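Survey of secondary and tertiary structure
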Amino acid sequence: MQLAREDSPDDGAGPDRSPPLRVGVLFGGPSDERNISAGSIKPWVTYLAADPAVDLSVVFLDRELRAWRLAPRWYYTNTCEDFESELGPADRLDGDALDAWLGGLDLAVPIVHGRHGEDGELQLRLERAGVPYLFSGPDALATTLDKAATYEVLREAGLPVPAYRVLDRAELEADPAAAWRRARAALPAPPPQDRGAPDAPAFAVKPLRAGSSLGVALVPDDADAFAAAAAEALRHDDRVVVEELLEGTEFSAVVLEDPAGRPVALAPTEVDKRDALYDLRAKYLQGEGARLHTPLRDAGRIEPVRRAAARAFAALGMRDMARVDGFLCGDRVLVTDVNGISGMGLSSFVFLQTAMVGVSHGELIGRLVDRRARRPRSAPAAGGAGLARRERVHVLLGGATSERQVSRQSGAFVGLCLLARGFDVRFVLMDRGSRFTEVGLFLALHHDVEEIEGLVADPARRADVAALARTIAAELAGGRADDDAATRHLAVGPTTDLAGAVAGADFAFLALHGGAGEDGTIQAALEVLGVPYNGSGPAASRLCSDKWDALERLAARPPEGVRTPRHRAVDRGELLAWWRASEGAAAWSARFERLARELGSPVLVIKPRADGCSTGVKVLRDGAELRGYVGAVLRLASELRAGELGPGSRRLKLPEPSPERWVLEEALVEPEPVPLPAGDWNADNLRPWFAAKRYVEITCGVLEREGGGFRVAVPSVTVAAAAELSLEEKFQQGTGTNLELASFLDAPAVESVRARVGAVAEALGVEGYARIDGFWDRATGELVVLEPNTLCGLTEATVLYTQMLGAAGLAPAELLERLVDLGLRRRGPRRAAPPDEGRAAARADGEAPCSA
């Protein structure tokens, strides 16, 4: 994939340069961790593809371990299901073709999590092919994927490990109660349970060989609960390990090697869980599952953890890089998991901990490549890819809304991509008080905006972090390190107003979602300040940020073949009146029936009028659900708990702060739900599901053409496990499935939908880019528009990147550069503005001020 600018010099081998290093990235695999693998490759393809000294190719291994050469347009999908049905015979690398591909590599980067990648099988094949590769060898990986084998090696090395018992499938399926008794007898007795909490966890049940917390459960001292947990663990492996429950501080530490090959543990991250288990959601839905502290808050425990992690790395024979997880229990450091190929998403522990010691994503990837490649990379040519741009871009992220965690993810990914393109990037955090602080990369990579705000407000902790960073950087260098380089990603600037936040910027990239960042307020202020920015101007931003206003505009003059759902506005005062007037289930049922008749739909949707990211969006099927939702809004609840609206209802995050205005609309759902198939949700398996549906939810990106009009992507079919799309399905890596509409429809039908999406963008006055969400009604052929998003999510998991690779041939870094260029062309280079005008603009139209 070529990320170089069109006007950059030839990056091929010249007379004085060696040919590019041939690097192959492998991902996927047979385990359920394959979609985590799809996220882990993103930093690698972003930076290796931007390096003119590298010739990158990517191979996908499916569940049957067939190898497929992957086209660049699929590098940024959220799941493997998104593309695997699109692969054809020309993509297959079978037998001799795979051997030839492997034989031509200077380095293989195996990023296959779980079986085949982390058990040493893939590495054995690479060794037989004579291909240099990154990360640990077959023996070390075979040991570390097996929890019992890992514990035995660590015990022999003098490291404490949890008490455990291994049970196999045969004994578990023959008599789970007897197996439970044997396991319980081998473990320390759990502490006495509180009579008020009989379901309190007492033991941990895990697959023996799996990662990403798949199949892991904490169970009470109960045979039935154990049997259910063991059955789930057996879905991931044929053996199960039962462990004593560890109560203490959970940590994760990345280990690298110094130039002499000695292990150096980085600053361990403390995992402050919100629930008892640090599960898949907590790990990969950033900002929602845990509060992370890097390094540990107890400074006296940092070095014992680092020593234990380095000892575990050495005892297990690891190399290059690994992640060591465990618990601090009193004075003991217990290692519970060693990950030979750690998750490597853009904001993973790997890159968070390396940024703390001054090593960026690209630098870490480059160091690892140089460590194992068959030959050195050639020096980049002057003016090559990623080196041509030096405009200073301030990326604004965070904000005051419930969308601030997604904004943090968007801003981090945007900034990293623009760094890869050679821009001078500064990350700027907007807090809940609409104040702005420039922060370094280390802070921007934290998973939670509140974590960043905590560091900004604590200069003493920041000083301790900097001192530790200098120490670890020197160890990594094998001696003395440059103190300024070690701490360069730890900087925190003064807290200021918007004018101060963009002072010196050539461009402000708005990665803010909701509120003042998306409703035209900040856009108007930037225009007065003379600072170019991305996306739509104040008028279109204000219109599109209000779901009611946008629907009313389209309903008044709908483009041909477009309609909006029937809808009505409701405010907090009306909700309170309903609450006061409706006592008992019958009254709420009658209220629901009146609303259903008014909107002409037996099922309704309620949503906040302005918030996005699926916050507060709920399908309501009866009066009881309406009552539960209205009650949660009126009592200012932050979320609806799982089961709160009835059996099977999912956890739902509500807007923060709770808004005054809401929208009720018809729900575009089937009279009878169409069940999703078992197995992987790829296009092949979903064709019967698609054929049975009338309303198909779609999302579609648009990109302004330089000469006017829009380039419209092929819409994606959004697959939701329930009636409404969840936060996890939108933004959790490896969870949401988005399949091209062209996988299910013929070309004329797809082009018809694309034309209507483009007409909607024109009708709403969109500028630059946007994402249009809606439903395609298969019965009428209409596009039913739900909402436009003028500052849509730009996280690494968003489908927009894959759509624009297909529609415009632009990789994410190229697309983001294009958005900068569109903003510069539309609004011109930065011009001076009187400081007083800038501050006044932040208060325009009675909105909350952006100044401190």
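Residues numbered from 1 in each chain as written. Predicted model: local features only at pLDDT ≥ 70, side-chain atom pairs only at ≥ 80, totals over all residues. Heavy atoms only, no water.

What to know about the overall build of the protein chain
Secondary structure summary: the protein chain contains 31 helices and 33 strands in total. In the protein chain, which comprises 852 residues, the share counted as buried stands at 61%. If you take every contact in the protein chain between residues at least 6 apart in sequence, the share linking residues at least 24 apart comes to 71%. (Helix = DSSP H or I, 4+ residues; strand = E, 2+ residues; numbered from the N terminus. Buried < 20%, exposed > 50% of the residue type's maximum accessible area, 1.4 Å probe, protein only. Contact = heavy atoms within 4.5 Å.)

Digging into the nonpolar core
In terms of nonpolar packing, the biggest core is built from 187 residues, with Trp44, Phe509 and Leu526 touching the most fellow members. In this view, Phe509 contacts Val393, His394, Val395, Leu396, Val414, Leu418, Asn534, Leu794, Leu816, Leu819 and Val820; residues no more than four positions away in its chain are not counted. (Core = buried A, V, L, I, M, F, W, Y, C linked by side-chain atoms within 4.5 Å.)

Notes on helix 17 (residues 459-476)
The end-to-end C-alpha distance of helix 17, which contains 18 residues, comes to 25 Å, matching closely the 26 Å that a straight helix rising 1.5 Å per residue would cover. Within helix 17, the full set of buried residues consists of Arg461, Val465, Ala466, Leu468, Ala469, Ile472, Ala473 and Leu476. Downstream of helix 17 by a residue or two, Gly478 has a phi angle that is positive, lying close to 75°. (Expected span 1.5 Å × (residues − 1).)

Focus: the packing of aromatic side chains
Under the definition given, this model contains 13 aromatic pairs. Ring centres of Phe27 and Phe60 lie 5.5 Å apart, and the angle between their planes is 45°; on these two criteria the pair is classed as tilted. Pair noted here: Phe27 is in strand 1 (residues 21-28) and Phe60 is in strand 2 (residues 54-61), with a separation of 33 residues, a long-range link. The exposure class of Phe60 is buried, given its relative accessible area of 0%. Among the aromatic residues, ring-to-ring pairing joins Phe27, Phe60, Trp74 and Phe83 into one connected group. Positioned over the ring face of Trp68 is Arg92, at 5.5 Å from the centre of the ring. Geometry around Tyr133 places Arg319 over its ring, the cationic atom sitting 4.6 Å from the centre. (Phe/Tyr/Trp six-rings, centres within 6.5 Å; stacked < 30°, edge-to-face > 60°. Lys NZ or Arg CZ within 6 Å of the ring centre and 35° of its normal.)

A closer look at the environment of Ala260
In this fold, Ala260 is placed in the loop between strand 10 (249-257) and strand 11 (263-265). With 217 residues separating them in the primary sequence, Ala260 and Ala477 have C-alpha atoms 9.4 Å apart.

Notes on the environment of Ser536
Here Ser536 lies in the loop between helix 20 (521-529) and helix 21 (538-545). The buried category is assigned to Ser536, whose relative accessible area is 2%. In the structure, Ser536 is positioned 230 residues away from Val766 in sequence and 5.7 Å away in space, judged by C-alpha atoms. Ser536 has contacts with Gln523, Ser541, Gly765, Val766, Glu767, Thr790 and Arg827, leaving out every residue within four places of it along the chain. A polar contact of 2.9 Å, which involves the side chain of Ser536, links it to the backbone nitrogen of Glu767. (Polar contact = N/O pair within 3.5 Å; in protein donor to acceptor, adjacent residues only side chain to side chain.)

Observations concerning unusual backbone geometry
In this chain, Thr294 is followed by Pro295 through a cis amide linkage whose omega measures 0°. Along the chain, Pro295 turns up in the loop between strand 13 (290-293) and helix 11 (302-315).

Description of the sheet that holds strand 8 (residues 217-219)
Sheets are built from strands that pair by backbone hydrogen bonding, the pairs being arranged parallel or antiparallel. Strand order in the open sheet made by the 4 strands is 6-9-7-8, with antiparallel pairing throughout. The open sheet has two edge strands, strand 6 (164-168) and strand 8, and neither has a second partner. Put simply, the sheet's adjacent strands are angled 25° from each other on average, direction ignored. Pairing between strand 6 and strand 9 (residues 239-244): 5 bridges, direction antiparallel. Counted as the bridge partner of Arg165 is Val242 from strand 9. Relative to the sheet, helix 6 (residues 147-156) contacts strand 6, strand 7 (203-207) and strand 9, its axis offset from that of strand 6 by approximately 150°. Along the sheet, helix 9 (residues 223-233) makes contact with strand 6, strand 7, strand 8 and strand 9, crossing strand 7 at roughly 25°. (Pairing = 2+ DSSP bridges. Axes fitted to C-alpha atoms, helices over the stretch in contact; angles between N-to-C directions.)

Describing the sheet that holds strand 5 (residues 107-111)
Strand order in the open sheet formed by 5 strands is 4-3-2-1-5, with mixed pairing between adjacent strands. Since the sheet does not close on itself, it has two edges, and those belong to strand 4 (92-93) and strand 5, each with one partner. As paired strands, strand 3 (residues 67-69) and strand 4 are joined by 2 bridges and run antiparallel to one another. By the bridge assignment for strand 4, Ala67 is matched with Leu93.

Quick notes on the confidence of the model for the protein chain
Here the protein chain shows a mean pLDDT of 88. Residues at 70 or above account for 89%. Scored below 50 in pLDDT, residues 1-12 shows 36 contacts in the model against residues more than four places distant or in partner chains. In the predicted structure, residues 381-386 sits below a pLDDT of 50 and forms 14 contacts with residues beyond four places in sequence or in another chain. (pLDDT = per-residue confidence, 0-100.)

Thoughts on the packing of helix 5 (residues 138-145) against helix 6
Put simply, helix 5 and helix 6 touch, their axes get as near as 5 Å, and they point 105° apart. One element, helix 5, and the other, helix 6, form an angle in the roughly perpendicular class. Together, Thr143, Thr144 and Leu145 of helix 5 and Lys147, Ala149, Thr150 and Val153 of helix 6 make up the contact between the two elements. (Parallel < 35°, antiparallel > 145°, perpendicular 65-115°, else oblique.)

Digging into helix 23 (residues 572-581)
Structural remark: α-helix, 3.6 residues per turn; residues separated by three or four positions point the same way. Within the sequence span of helix 23, burial applies to Arg572, Leu575 and Trp578. Angularly, the buried residues of helix 23 cover 115° about the axis, an arc narrow enough to put them on a single face. Among the exposed residues of helix 23, those pointing more than 90 degrees away from its buried face are Arg580 and Ala581. Turning to helix 23, the residues buried within the fold contact strand 22 (567-571), helix 24 (585-599), helix 25 (623-634) and strand 27 (661-666). If you check the start of helix 23, you find a side-chain oxygen 3.1 Å away from the backbone N of Gly573, and it comes from Asp571. (Arc of directions from axis to C-beta.)

Description of the pattern of salt bridges
Scanning all chains against the criterion turns up 65 salt bridges. Notably, a salt bridge pairs Arg34 with Asp680, separated by 3.1 Å at the nearest N-O pair. Separated by 646 residues along the polypeptide, Arg34 in helix 1 (residues 34-49) and Asp680 in the loop between strand 27 and helix 26 (683-691) bring together distant segments of the chain. Classification of Arg34 by relative accessible area gives buried; the value is 1%. Between Arg374 and Asp106 there is a salt bridge, and its shortest N-O distance comes to 3.8 Å. Within this pair, whereas Arg374 is found in the loop between helix 13 (361-372) and strand 16 (392-398), its partner Asp106 is found in the loop between helix 3 (96-103) and strand 5, the two being separated by 268 residues in sequence. For Arg374, a relative accessible area of 43% gives the class partly exposed. The class for Asp106 is buried, based on a relative accessible area of 1%. (Salt bridge = Lys/Arg side-chain N within 4 Å of Asp/Glu carboxyl O.)

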